[in-house]
Amino acid sequence: MAMYREKRFEEIRQLLAERKELSVEDIMHAVGVSRDTARRDIVALVAAGQARRTRGGIVALTFGHSVPSYTERLKHFSKEKTAMAQRALQLIHPGGVYFIDDSTTLLKLSQSVTDGVTIYTHSLDNAIALSVKSGVALHMLGGELNHHGRFFFSPSNLNTLSRIAFDAAFIGATAIAKDGVYFPYANDAEVKAVLAESARQVVVVSETEKFHIQAPYRGFALNAIDTLITERPLASTERAWFDPVTELLDAEN
């Protein structure tokens, strides 16, 4: 049994090194154990200093010290991302004008959008997903492509966005702190700041892991958020960060 346990731990460590974060379900499926065994393995790995515990799983010790690439982020939280995107989809209505950000979760939203709306985006992947929807009026913001984030930027985009009163701007957070929502690129943070000012409704769609990540550039304060969509209900300490009028939605309810 001891040999099997060590082999199992090695497989979990290898998977964690690859994915950076694992849920209890990920561990159950990867090494074929029960939920209780997966939880005991998590406790043991954390106690051994080989991982950091989070609600619902573990993350690598280096998690949050750097921002993973867009391609790397696509590998994580697929079920949760889909559920969050479906929550966001409920806020899109025929005839509306919306901005959809360069988030991997919001790529799933772009893939789910139906006809009869106008969408602006600076995301290469969103544009590809929306380009096959003939009933969507797609406006692609151009400029220089950021290959890591897979979005385009031009200073002229800021002026364009400031003149549009979007029915809602769907924004993906890189990091969330008590004083605001943060992003890894200064020019993209500028885009988010303009959207927070111009949109009638600011919808931030973010996994709660973003509360534990750091990024250098603040886009806007938390009180600019009208609606926050997460994969699970916020803990009381997390809820305390937000304005009482902010609508808090989660994919579990």
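Report follows, based on the coordinates. For clarity, every value in this text was computed on a predicted model and none was experimentally measured.

### Remarks on the sheet that holds strand β3 (residues 57-59)
- Within the open sheet, the 3 strands sit side by side as β1-β3-β2. Their pairing is antiparallel. With one partner strand each, in any of the chains shown, β1 (21-23) and β2 (52-54) form the two edges of the open sheet. On average, each strand axis in the sheet is tilted by 25° relative to the strand beside it, whichever way the strands run.
- Sheet topology note: the β1/β3 ladder contains 3 bridges and is antiparallel. By the bridge assignment, Ser23 is partnered in β3 with Gly57.
- Along the sheet, helix α2 (residues 24-31) contacts β1 and β3; its crossing angle with β1, the most-contacted strand, is approximately 85°.

### Structural notes on the pattern of salt bridges
- Enumeration according to the criterion identifies 12 salt bridges in this entry.
- A salt bridge links Lys192 to Asp101; the nearest nitrogen and oxygen atoms lie 3.0 Å apart. Within this pair, whereas Lys192 is found in helix α9 (residues 186-198), its partner Asp101 is found in the loop between β4 (97-100) and α6 (104-112), the two being separated by 91 residues in sequence. Here Lys192 and Asp101 have matching classes, each one buried.
- Two residues, Arg200 and Asp167, come together in a salt bridge whose shortest N-O distance is 3.5 Å.

### Some remarks on the environment of Glu18
- Along the chain, the position of Glu18 falls in helix α1 (residues 2-19).
- Along the chain, Glu18 and Ile58 lie 40 residues apart, while their C-alpha atoms are 13 Å from each other.

### Focus: the packing of α6 against helix α7 (residues 124-131)
- Their axes nearest at 8 Å, the elements α6 and α7 cross at an angle of 15°. Between α6 and α7, the interaxial angle falls into the category roughly parallel. Read as a crossing pair, α6 and α7 show a hand that is right-handed. Touching Leu106, Leu107, Ser110 and Gln111 of α6 are Asp125, Asn126, Ala129 and Leu130, all from α7.
- Residue classes in the contact of α6 with α7 are distributed as 4 nonpolar, 3 polar and 1 charged.

### Focus: the packing of aromatic side chains
- Counting across every chain of the model gives 7 aromatic pairs.
- An angle of 75° between the planes, with centres 5.5 Å apart, marks the rings of Tyr120 and Phe166 as edge-to-face. Within this pair, whereas Tyr120 is found in strand β5 (residues 118-121), its partner Phe166 is found in the loop between α8 (155-162) and β9 (168-172), the two being separated by 46 residues in sequence. Per residue, the accessibility class of Tyr120 equals that of Phe166, and both read buried.
- Between the aromatic rings of Phe183 and Phe220, the centroid separation amounts to 6.4 Å while the plane-to-plane angle is 50°, which identifies the pairing as tilted. Taken as a pair, Phe183 in strand β11 (residues 180-183) and Phe220 in strand β13 (residues 217-220) lie far apart in primary sequence, 37 residues in all.

Scoring rules and cut-offs
- Residues numbered from 1 in each chain as written.
- Predicted model: local features only at pLDDT ≥ 70, side-chain atom pairs only at ≥ 80, totals over all residues.
- Heavy atoms only, no water.
- Pairing = 2+ DSSP bridges.
- Helix = DSSP H or I, 4+ residues; strand = E, 2+ residues; numbered from the N terminus.
- Axes fitted to C-alpha atoms, helices over the stretch in contact; angles between N-to-C directions.
- Contact = heavy atoms within 4.5 Å.
- Salt bridge = Lys/Arg side-chain N within 4 Å of Asp/Glu carboxyl O.
- Buried < 20%, exposed > 50% of the residue type's maximum accessible area, 1.4 Å probe, protein only.
- Parallel < 35°, antiparallel > 145°, perpendicular 65-115°, else oblique.
- Left-handed = near helix turned anticlockwise from the far one by under 90°.
- Nonpolar A, V, L, I, M, F, W, Y, C, P; charged D, E, K, R; others polar.
- Phe/Tyr/Trp six-rings, centres within 6.5 Å; stacked < 30°, edge-to-face > 60°.

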